Amino acid sequence: MIENSLIGKVALITGAARRIGAELARCLHAEGATVAIHYRESAFEAEQLQLELNAQRANSCLLLQADLLKTSDLALLVGRLVDQTQRLDILINNASSFYSTPLATMNEQQWDDLMGTNLKAPLFLSQAARPYLQQQKGVIINMTDVHGVRPLAAFSVYCAAKAGLIMLTQVLARELGPQIRVNGIAPGAILWPEHHHSGDAQRTELLAKTALERMGSPEDIAKTVLFLVRDAPYITGQVIAVDGGRLLNH
C-alpha cells in the first residue's frame, strides 16, 4: 500500500446518508477507502449512496443502521463492521441533532437527545472502536461546531454538547496516543439547518460576519477531513474551524 494512501483502509462515518456526511463518504471513497455509511432513519438515501459508490468500485461501501442513543448497541455496530471488513482505520463522528432549546421551554428529553447524539454517542462509539483503531494506528475525527466555543442564544444544550465534544477530542487525543490520533472539525456556515428556519436577512447578516463573506460547502469539510486523515500524521488533539473566518467576528 502506498504511504498516505487510503486504499485498503476502512472508514466508519456516522450520519453519512445525507448532507455533509454523504460528502465525506464520497471523498474518502474516491481516495480508495472502503466506507461504512451509518444511518438511523434515512434508509432510502443511504441505499442510493451505496449503489452510487459500489457502481464505482464493487463491494466498497456497506450500510449500518443504528440508533446511536442506544449505547449498548454501539459495540455490536462496530462488531458488525469489522466482521465484514476485518479492520477499522477511520472513525468520523458526524451524526448530530440541532435545534433550539429556549430556557423557558426546554425539557429533559431534549437534553438527552442533544447530549446523546452530540457527545455521548461519540464517546461510547470511540470506546467501541478503540481496539480496532489501535491495531491500525487509526484516526478519530469529531465534527464539532463553532458554537462549541461561541454561544448561540436559545441553543444552550446544543452549545454545551459541542463544547463537551471539543474537550472530549482533546482528552481522547491524550489518552489514545500514540496509537490513535484524535482531531475535530468545527464547521461554520456550510449548509443551512433543515429544521431551523431563518429569513434571507438573517442569513445575509450571518454571512456578513465571516471574513470571507460567503458560505462554505460540504467539500470544504471533506477536504479538511482528508487532510487530517491522510496528510497530518503529527497533528492530534486539534479542532480546525472551517468557518470562513466566522470566529474572528462573532
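All values derive from a computational prediction rather than experimental measurement. (Residues numbered from 1 in each chain as written. Predicted model: local features only at pLDDT ≥ 70, side-chain atom pairs only at ≥ 80, totals over all residues. Heavy atoms only, no water.)

J.: Give me the overall build of the protein chain: which residues, what numbers.
T.: When helices and strands are tallied, the protein chain shows 7 helices and 7 strands. Across its three principal directions, the C-alpha atoms of the protein chain cover 50 × 40 × 40 Å. Counting across all 250 residues of the protein chain, residues that qualify as buried make up 46%. Residue pairs at least 24 apart in sequence account for 74% of intrachain contacts in the protein chain once pairs closer than 6 positions are excluded. (Helix = DSSP H or I, 4+ residues; strand = E, 2+ residues; numbered from the N terminus. Buried < 20%, exposed > 50% of the residue type's maximum accessible area, 1.4 Å probe, protein only. Contact = heavy atoms within 4.5 Å.)

J.: Account for the packing of aromatic side chains, naming residues and giving values.
T.: For the structure shown, the criterion picks out 2 aromatic pairs. For the pair F98 and F155, a centre-to-centre distance of 4.9 Å together with 20° between the ring planes defines the contact as stacked. Taken together, the residues F98 in the loop between β4 (90-93) and α4 (108-136) and F155 in the loop between β5 (139-143) and α5 (156-176) connect sequence positions 57 residues apart. With a relative accessible area of 4%, F155 lands in the buried category. On the numbers, 4.7 Å between centres and 85° between planes, the contact of F98 with Y158 is edge-to-face. Pair noted here: F98 is in the loop between β4 and α4 and Y158 is in helix α5, with a separation of 60 residues, a long-range link. By the ring-pair criterion, three or more aromatic residues cluster together here, those being F98, F155 and Y158. (Phe/Tyr/Trp six-rings, centres within 6.5 Å; stacked < 30°, edge-to-face > 60°.)

J.: So what's going on with helix α3 (residues 74-85)? Residues and values would help.
T.: Over its 12 residues, α3 extends 17 Å from the first C-alpha to the last, a length consistent with the 16 Å expected when each residue adds 1.5 Å. Looking at α3, one finds that the buried residues are L74, L77, V78, G79, L81, V82 and T85. Contacts made by the buried residues of α3 are with β1 (10-13), β2 (34-39), β3 (61-65) and α4. Q86 lies just past α3 and shows a positive phi near 70°. (Expected span 1.5 Å × (residues − 1).)

J.: Requested: an account of the environment of T71, with residues and values cited.
T.: Tracing the backbone shows T71 in the loop between β3 and α3. Look at T71 and you get partly exposed, because its relative accessible area is 24%. Linking T71 and A121, residues 50 residues apart in sequence, is a C-alpha distance of 6.9 Å.

J.: Could you give an account of the packing of helix α1 (residues 19-30) against helix α2 (residues 43-56), naming the residues involved and the relevant values?
T.: Remark: α1 packs on α2, axes separated minimally by 11 Å, with the N-to-C direction vectors making an angle of 10°. If you check the angle between α1 and α2, you find them roughly parallel. Along the contact surface, α1 presents A22, A25, R26 and H29, while α2 presents L49, E52, L53 and Q56. Of the residues that constitute the contact of α1 with α2, the class distribution is 4 nonpolar, 2 polar and 2 charged. (Axes fitted to C-alpha atoms, helices over the stretch in contact; angles between N-to-C directions. Parallel < 35°, antiparallel > 145°, perpendicular 65-115°, else oblique. Nonpolar A, V, L, I, M, F, W, Y, C, P; charged D, E, K, R; others polar.)

J.: An account of the side chain of T224 is needed here, citing residue identities and associated values.
T.: Within the fold, T224 resides in helix α7 (residues 218-230). Of the residues examined, T224 reaches a relative accessible area of 12% and is grouped as buried. What T224 contacts, discounting residues up to four positions off in sequence, is I185, I240 and V242.

J.: How would you summarise the nonpolar core if you had to cite specific residues and measurements?
T.: Ranked by internal contacts, the top residues of the largest apolar core, which has 34 residues, are L28, I92, I141, I221 and V225. For this core, the secondary structure elements donating two or more residues are β1, α1, β2, α2, β4, β5 and α7. Ranked by size, the runner-up nonpolar core spans 28 residues in total, among them L91, L168, L176 and I180. (Core = buried A, V, L, I, M, F, W, Y, C linked by side-chain atoms within 4.5 Å.)

J.: I'd like a description of the pairing of β2, backed by residues and values.
T.: In terms of burial, β2 is largely enclosed, as 6 of its 6 residues are buried. Side chains T34, A36 and H38 of β2 all project onto a buried face; the interleaved residues V35, I37 and Y39 project onto the opposite face, where all are buried too. With 4 bridges joining them, β1 and β2 adopt parallel strand pairing. Counterpart to I13 in the pairing with β2 is I37. In this region the chain leaves β1, passes through α1 and returns to the parallel neighbour β2; the handedness of that crossover is right-handed. Sheet analysis places β2 next to β3, joined by 5 bridges and oriented parallel. For V35, the partnering residue across the bridge sits in β3 and is C61. The parallel pair β2 and β3 is bridged by α2, and the resulting crossover is right-handed. (Pairing = 2+ DSSP bridges. Right-handed = clockwise from strand over helix to strand, strands pointing away.)

Nothing here speaks to function; it is geometry throughout.
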